[in-house]
Structures are given as C-alpha cells and as structure tokens.
Amino acid sequence: MFRGNHPAKVDEKGRLKLPSAFKQLVDAGSVTQFYVTSTDGESAQVWPLPEWEKREAQLSESSEMEEAVQKYLSITSYYGQQVEMDAQARLLIPQILRSAAGLDDEEVAVIGMGGYIAVHNRKRFEQTVLGNKLTPEDRQKLAEITRRKQ
C-alpha cells in the first residue's frame, strides 16, 4: 500500500524519481514495469503493472457495452503508457500527460493512494487540497464506510 506525500521533481526529460519509501515497496514485490496514466489529465497515476492488470481484469468482467467502462478505458489509454523503471528508479511520465497536468520540469506532490501513486503539480494540488476540506457529510460517509468494513 502506497501512503503519504513525498515531494519530488519531474526532471527536464520528463522522468520522476520514485521516492525511496515507494521504491522499497516495489522492490519488495520485484516490480519494474508500471502503467502511467490519468483519468482526468489533471494528475498522473502510476500503477505497478500487476495492480493495473488487476484493474483491467475487473473491468473486463463488466459488460463491454457499459459506457462508464468504455469512457474509463478510452481516457486511461489516451494518457497511458507502460514504462519500465530505470536503474536510478526513474519513471518516464508520457509527454501528453505531462503537458496536460502541468508536470513538465516541475515540483510535484507524489501521493500514495493505496494501490497506485498519484503525481500532482504541487502548487495546484496544494490549492485544491486546502480549498476542499472534509465536510461533516464527508465525515459521516467515511464513518459509515469504515463501520461496514469491520
């Protein structure tokens, strides 16, 4: 499980050095292949390839005629590329995604999201997070979800 915020920088060649805490996790799982994509063009999602393949399998079990699945696959394919981590633990973020999300040669927030890593333009992300606090309704919904899981 990827957790926490690990500030980093996307270099001039579009590569993200995987934070050491996340590198330890992928090394433990012997993962070197990743699927880098987005669902909105606002941030990158870095999925260890085995986790992405699980997501694909879940989606393939649904009807191919399901419009939401088709939209999801279209957008994640548009932004997505399979990449290999290099010897310095760097991953290439696809150019089309770097441009859309404002990640070119920028400071980024690398956020653990459980099964994948989200990469956000740091300045934009901080504005979004600080302006979007949990509401009492959000807290109630979270309480319900966590009670169901126990």
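Our subject is the structure that appears above.
Keep in mind it's a predicted model, so treat the numbers as computed, not measured.

Draft legend 1. Expanded view of unusual backbone geometry. Positive phi, normally seen in glycine, also occurs at Ser-30, with a value near 55°. The residue Ser-30 is located in the loop between α1 (20-28) and β3 (33-37) in this model. On the basis of relative accessible area, Ser-30 is assigned to the exposed category, the value being 64%. One non-glycine residue, Ala-89, lies in positive phi territory at about 65°.

Draft legend 2. Main features of the sheet that holds strand β4 (residues 44-48). Judged by pairing direction, the sheet is antiparallel, and its 6 strands sit side by side in the order β1-β7-β8-β4-β3-β5 without closing on themselves. Pairing within the sheet leaves two strands with one partner each, and these edge strands are β1 (5-9) and β5 (81-84). Ignoring strand direction, the axes of neighbouring strands in this sheet form an average angle of 30°. Relative to strand β7 (residues 107-112), β1 runs antiparallel, the two being bridged by 5 bridges. Residue pairing for β7: Asn-5 is matched across the bridge by Ile-111. Each of β3, β4 and β5 is contacted by helix α2 (residues 49-60), which is oriented at about 100° to β4, the strand it contacts most.

Draft legend 3. Representation of the nonpolar core. In this structure, Leu-18, Phe-34, Leu-103, Val-108, Ile-117 and Val-119 are the most contacted members of the largest nonpolar core, which totals 25 residues. Contributing elements (two or more residues each) for this core: α1, β3, β4, α4 (95-101), β7 and β8 (117-121). For Val-119, the residues in contact, after removing those within four places along its chain, are Leu-16, Ser-43, Ala-44, Val-46, Leu-103, Val-108 and Ala-109. Among the nonpolar cores identified, the runner-up in size contains 11 residues, and Leu-49, Tyr-72, Ala-109 and Tyr-116 belong to it.

Draft legend 4. Spatial organisation of the pattern of salt bridges. Taken as a whole and judged by the stated rule, the model has 9 salt bridges. Across the pair Lys-71 and Glu-67 runs a salt bridge whose closest N-O atoms are separated by 3.7 Å. Of this pair, Lys-71 and Glu-67 both sit in helix α3 (residues 67-79), 4 residues apart, which is roughly one turn of that helix. In this pair, the class of Lys-71 matches that of Glu-67, namely exposed. Here Arg-90 makes a salt bridge to Asp-86, at a shortest N to O gap of 2.7 Å. Since its relative accessible area comes to 22%, Arg-90 is described here as partly exposed.

The rules behind each value
- Residues numbered from 1 in each chain as written.
- Predicted model: local features only at pLDDT ≥ 70, side-chain atom pairs only at ≥ 80, totals over all residues.
- Heavy atoms only, no water.
- Helix = DSSP H or I, 4+ residues; strand = E, 2+ residues; numbered from the N terminus.
- Buried < 20%, exposed > 50% of the residue type's maximum accessible area, 1.4 Å probe, protein only.
- Pairing = 2+ DSSP bridges.
- Axes fitted to C-alpha atoms, helices over the stretch in contact; angles between N-to-C directions.
- Contact = heavy atoms within 4.5 Å.
- Core = buried A, V, L, I, M, F, W, Y, C linked by side-chain atoms within 4.5 Å.
- Salt bridge = Lys/Arg side-chain N within 4 Å of Asp/Glu carboxyl O.

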